[in-house]
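Notes for the structure review
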Amino acid sequence: EIQLQESGPGLVKPSQSLSLTCSVTGYTITSGYDWSWIRKFPGNKMEWMGYISNSGSTNYNPSLKIRISITRDTSKNQFFLQLNSVTTEDTATYYCARLGLRDYWGQGVMVTVSS
Amino acid sequence: DIQMTQSPSSMSASLGDRVTITCRASQDIGNYLSWFQQKPGKSPRRMIYGATNLAAGVPSRFSGSRSGSDYSLTISSLESEDMAIYYCLQSIQYPFTFGSGTKLEIK
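It should be emphasised that the depicted structure is a prediction, and the values quoted were computed from it without experimental measurement.

**Notes on the overall build of chain A**
- Broken down by element type, chain A carries zero helices and 11 strands.
- In terms of overall size, chain A behaves like a compact globule, its C-alpha atoms giving a radius of gyration of 13 Å where 115 residues would be expected to give roughly 13 Å.
- When the backbone C-alpha atoms are referred to their principal axes, chain A occupies close to 40 × 25 × 25 Å.
- Sorting the 115 residues of chain A into buried and exposed places 50% on the buried side.
- A fraction of 50% describes how many contacts in chain A between residues 6 or more apart in sequence connect residues 24 or more apart.
- Summed over its atoms, the accessible surface of chain A is roughly 5400 Å², and 46% of this surface lies on carbon and sulfur atoms.
- Across chain A, 10 positive and 8 negative side-chain charges occur, with their mean positions spaced 3 Å apart.

And the structure:
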């Protein structure tokens, strides 16, 4: 069974970088599909942040383009989110996901940006 | 970016009611429209894809339809387990964009 699991700090200070890991089991991330990060803000707004493809190419939401980086470690079957220069407006629950005919999502990790 | 205007933002309905939630796309998205259900503490679950296709394992009381640039999710007979937030998502163009969500409560 394919499983995705996010991990990372739950609290980040303003102006610092947010770094999250998505660990994938049951499927090799280089085999296919795009591997996405999606976040849900307090108040329920959802935002697609970007993806890294199975070949390693990336596609980012232009609203985040200068702050976001999605990378991967194929040896560990993990992909990563880095969001720079965070503000309180980046407080959200962050999900990693494989979207397709059948979706797979992580359980989500809540990240609070606060001093 | 394609804007998805979703309505209502919240609603309350009784068990057995027919419930409809709508999204309007700011430009042509064809049938690249999905509906997601999210329950408290859970990850989103895709209910409908391709505007009208029921995802695997989704009860048949859920259906999706399209009229021009308006897309609807209908629950034919509301059950208590349907209490959730529902989102539409367009996937024809990056960045993918979600509707603002509809919080569905049971009276």
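**Observations concerning the sheet that holds strand E3 (residues 19-25) of chain B**
Residue and element names in this part refer to chain B.
- The four strands are arranged E1-E3-E8-E7 in an open sheet whose pairing can be described as antiparallel. For this open sheet the edge positions go to strand E1 (4-7) and strand E7 (62-67), each flanked by a neighbour on one side alone. Here the average twist between neighbouring strands, direction ignored, is 20 degrees.

**Digging into the state of the cysteines**
All names here are of chain A.
- What the rule picks out here adds up to two disulfides over all chains.
- Covalently, Cys22 is tied to Cys96 through a disulfide, its sulfur atoms 2.1 Å apart. Disulfide Cys22-Cys96: the torsion about the S-S bond is 65 degrees, which places it as right-handed. With Cys22 in strand E3 (residues 18-25) and Cys96 in strand E9 (residues 92-98), this pair connects stretches of sequence that are 74 residues apart.
- On the basis of relative accessible area, Cys22 is assigned to the buried category, the value being 0%.
- When its relative accessible area of 0% is taken as the criterion, Cys96 is described as buried.

**With respect to the interface of chain B and chain A**
- With 15 residues of chain B at the interface, the matching set in chain A holds 19 residues.
- For the pair chain B and chain A, the summed buried surface comes to about 1400 Å²; carbon and sulfur atoms form 59% of the total.
- Seen at the junction of chain B and chain A, the total is one salt bridge.
- Between A:Asp103 and B:Arg46 there is a salt bridge, with its nearest N and O atoms 2.7 Å apart.
- In this structure, the connection of chain B to chain A is made through five residue pairs in polar contact (both at pLDDT 80 or more).
- At the level of elements, strand E4 (33-38), strand E5 (45-49) and strand E9 (84-90) of chain B are the ones that each hand at least two residues to the side of chain B that touches chain A.
- Of the residues assigned to the side of chain B that touches chain A, the class counts are nine nonpolar, three polar and three charged.

**A word on the packing of aromatic side chains**
Residue and element names in this part refer to chain A.
- All told, the structure shown has 14 aromatic pairs over all chains when counted by the stated rule.
- An aromatic cluster is present here, built from Tyr27, Tyr33, Trp35, Trp37 and Phe79 joined pairwise through their rings.
- Its guanidinium or amino end placed over the ring of Tyr27, Arg98 lies 4.9 Å from that ring's centre, counting from NZ or CZ.

**Side note on the side chain of B:Ser34**
All names here are of chain B.
- By the element assignment, Ser34 lies in strand E4.
- Reaching out from Ser34, the side chain makes a polar contact with the side chain of Arg46 at a distance of 2.7 Å.
- The residues touching Ser34, leaving out its near neighbours within four places in the chain, are Arg46, Ile48, Tyr49, Gly50, Tyr87, Cys88 and Leu89.

**Some thoughts on the pattern of salt bridges**
- A complete count under the given rule lists nine salt bridges over all chains for this structure.
- Salt-bridge contacts for A:Arg39 lead to A:Glu47; the nearest nitrogen and oxygen are separated by 2.7 Å. For the residue pair A:Arg39 and A:Glu47, the accessibility class agrees, reading buried in each case.
- Salt-bridge contacts for B:Arg61 lead to B:Glu81; the nearest nitrogen and oxygen are separated by 2.8 Å. Placement of the pair is B:Arg61 in the loop between strand E6 (53-54) and E7 and B:Glu81 in the loop between strand E8 (70-75) and E9, with a sequence separation of 20 residues.
- Classification of B:Arg61 as buried rests on a relative accessible area of 12%.
- Judged by relative accessible area, which is 43%, B:Glu81 ranks as partly exposed.

Rules used in this analysis
Residues numbered from 1 in each chain as written. Chains lettered and ligands numbered in written order. Predicted model: local features only at pLDDT ≥ 70, side-chain atom pairs only at ≥ 80, totals over all residues. Heavy atoms only, no water. Helix = DSSP H or I, 4+ residues; strand = E, 2+ residues; numbered from the N terminus. Rg over C-alpha atoms; globule rule 2.2 N^0.38 Å. Buried < 20%, exposed > 50% of the residue type's maximum accessible area, 1.4 Å probe, protein only. Contact = heavy atoms within 4.5 Å. Areas by Shrake-Rupley, 256 points an atom, 1.4 Å probe, with all protein chains shown as cover. Lys, Arg positive; Asp, Glu negative; His and termini not counted. Charge placed at Lys NZ, Arg CZ, Asp CG, Glu CD. Pairing = 2+ DSSP bridges. Axes fitted to C-alpha atoms, helices over the stretch in contact; angles between N-to-C directions. Disulfide = S-S within 2.5 Å. Buried area = accessible area lost by both parts, 1.4 Å probe. Salt bridge = Lys/Arg side-chain N within 4 Å of Asp/Glu carboxyl O. Polar contact = N/O pair within 3.5 Å; in protein donor to acceptor, adjacent residues only side chain to side chain. Nonpolar A, V, L, I, M, F, W, Y, C, P; charged D, E, K, R; others polar. Phe/Tyr/Trp six-rings, centres within 6.5 Å; stacked < 30°, edge-to-face > 60°. Lys NZ or Arg CZ within 6 Å of the ring centre and 35° of its normal.

Worth remembering: the numbers are spatial, not functional.
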